[in-house]
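# Remarks on the overall topology
Read off the chains here:
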Amino acid sequence: MNLFGASLIVVAGFYIGFLKASEIRRRVAALRGVCTMTELIRNEISSRRTPMNELFSMLQKSGPKTTESFAASVCDRLKSLDESSFSELWNESVSENLSCLPQRCTTALCELGASLGRYDAELQSAAADRCLSLLCSELAAEEAKQKANEKMYIGLCGGLSLIAALVLV
């Protein structure tokens, strides 16, 4: 019975490590998707001058998979644009759908939302460029963290649970 309990502790420890590692992977994937989405927004605004409702409808259908829920949320909220400003709708969607991102990224996205639909295409494109540069630098930092920390979490949690199991047996 003690051996069974000890093996459960070890399995649980490794499982916790894998969960933490998968959280890091999800954050990197979400950040990569947001970078792609921001680049698409910038390109659509600067080259085609696409209206916001068409832009987010397109992003919902053919944008990055990790940002589909965000684009759908913005698209749905655009129906109530008369009641709130676009930046408020955007900020609500960011806080609901992109909460896994680092705080600097959500702040940059909120600043981008304050510019979208408000200024001319060149200023909106410049705001998207500023946001994109910060998002790309955060993505590079998160990818470096992922490489360094992913195996560490699995090893640390597994090792601690193995030590706990050895002490209990």
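Just so we're clear, the structure is a prediction, and the values are computed from it rather than from any experiment.

About the cut-offs
Each chain carries its own residue numbering, running from 1 in the direction its sequence is written. At least 70 in pLDDT is required for a residue's local features to be given in this predicted model, at least 80 for side-chain atom pairs to be given and counted, and no such filter applies to totals for whole chains, interfaces and linings, which use all residues. Excluding hydrogens and water, the side-chain values take into account all heavy atoms of the structure. In DSSP terms, a helix is any run of H or I states spanning at least four residues, a strand is any run of E spanning at least two, and both are numbered starting from the N terminus. We call a residue buried when its accessible area falls under 20% of the maximum for its residue type, exposed when it is over 50%, and partly exposed in between, using a 1.4 Å probe and counting protein chains only. Only one rule defines a salt bridge in this text: a Lys or Arg side-chain nitrogen within 4 Å of an Asp or Glu carboxyl oxygen. For helices, the fitted line uses only the C-alpha atoms of the stretch in contact; every axis is such a line through C-alpha atoms, and the angle between N-to-C directions lies from 0 to 180 degrees. Here the angle decides the label: under 35 degrees means roughly parallel, over 145 means roughly antiparallel, 65 to 115 means roughly perpendicular, and every other value means oblique. By the definition used in this description, the sense in which the near helix is turned from the far one sets the handedness, with an anticlockwise turn below a right angle giving left-handed and a clockwise turn giving right-handed. Two residues form a contact once any of their heavy atoms are found within 4.5 Å. Ten residue types, Ala, Val, Leu, Ile, Met, Phe, Trp, Tyr, Cys and Pro, are classed as nonpolar, four, Asp, Glu, Lys and Arg, as charged, and the remainder, Gly among them, as polar. Side-chain atoms within 4.5 Å link the members of a nonpolar core, which is a set of buried Ala, Val, Leu, Ile, Met, Phe, Trp, Tyr and Cys residues.

### Observations regarding unusual backbone geometry
Its identity as a non-glycine residue notwithstanding, R49 has a phi of 55°, on the positive side. Mapped onto the secondary structure, R49 falls in the loop between α1 (2-48) and α2 (52-62). Under the relative-accessibility criterion, R49 is labelled partly exposed at 47%.

### A word on the pattern of salt bridges
Scanning the model with the defined rule gives 15 salt bridges in all. For R49, the salt bridge identified is with E122, shortest N-O distance 3.1 Å. One end of the pair, R49, is in the loop between α1 and α2; the other, E122, is in helix α6 (residues 121-168), with 73 residues separating them in the sequence. The exposure class assigned to E122 is partly exposed, which follows from its relative accessible area of 48%. With its nearest N and O atoms 3.3 Å apart, the salt bridge here joins E68 to K65. Judged by relative accessible area, which is 27%, E68 ranks as partly exposed. Among the ionic contacts, a cluster of salt bridges with common partners joins K20, E23, R27, E142 and K145.

### Concerning the packing of helix α4 (residues 86-97) against helix α5 (residues 103-115)
Relative to each other, α4 and α5 sit at 155°, their axes nearing to 8 Å. By the angle class used here, α4 and α5 are roughly antiparallel. Here α4 and α5 pass one another in a crossing that is right-handed. Across the interface between the two elements, F86, S87, W90, N91 and V94 of α4 pack against T106, L109, C110, L112, G113 and A114 of α5. Of the residues belonging to the contact of α4 with α5, the class tally is 7 nonpolar, 4 polar and no charged.

### A few points about the nonpolar core
Generally speaking, nonpolar side chains in soluble globular proteins are found buried as a group. Among the nonpolar cores identified, the biggest contains 35 residues, and I41, F56, W90 and L109 are the most heavily contacted of them. Looking at this core, the elements that each hand over two or more residues are α1, α2, α3 (68-77), α4, α5 and α6. Per-element tally for this core: the top contributor is α1, with 8 residues.

### Section: the environment of S133
Within the secondary structure layout, S133 lies in helix α6. Overall, S133 belongs to the partly exposed group, its relative accessible area being 47%. On a C-alpha basis, the gap between S133 and C35 in space is 8.9 Å, while along the polypeptide they are 98 residues apart.

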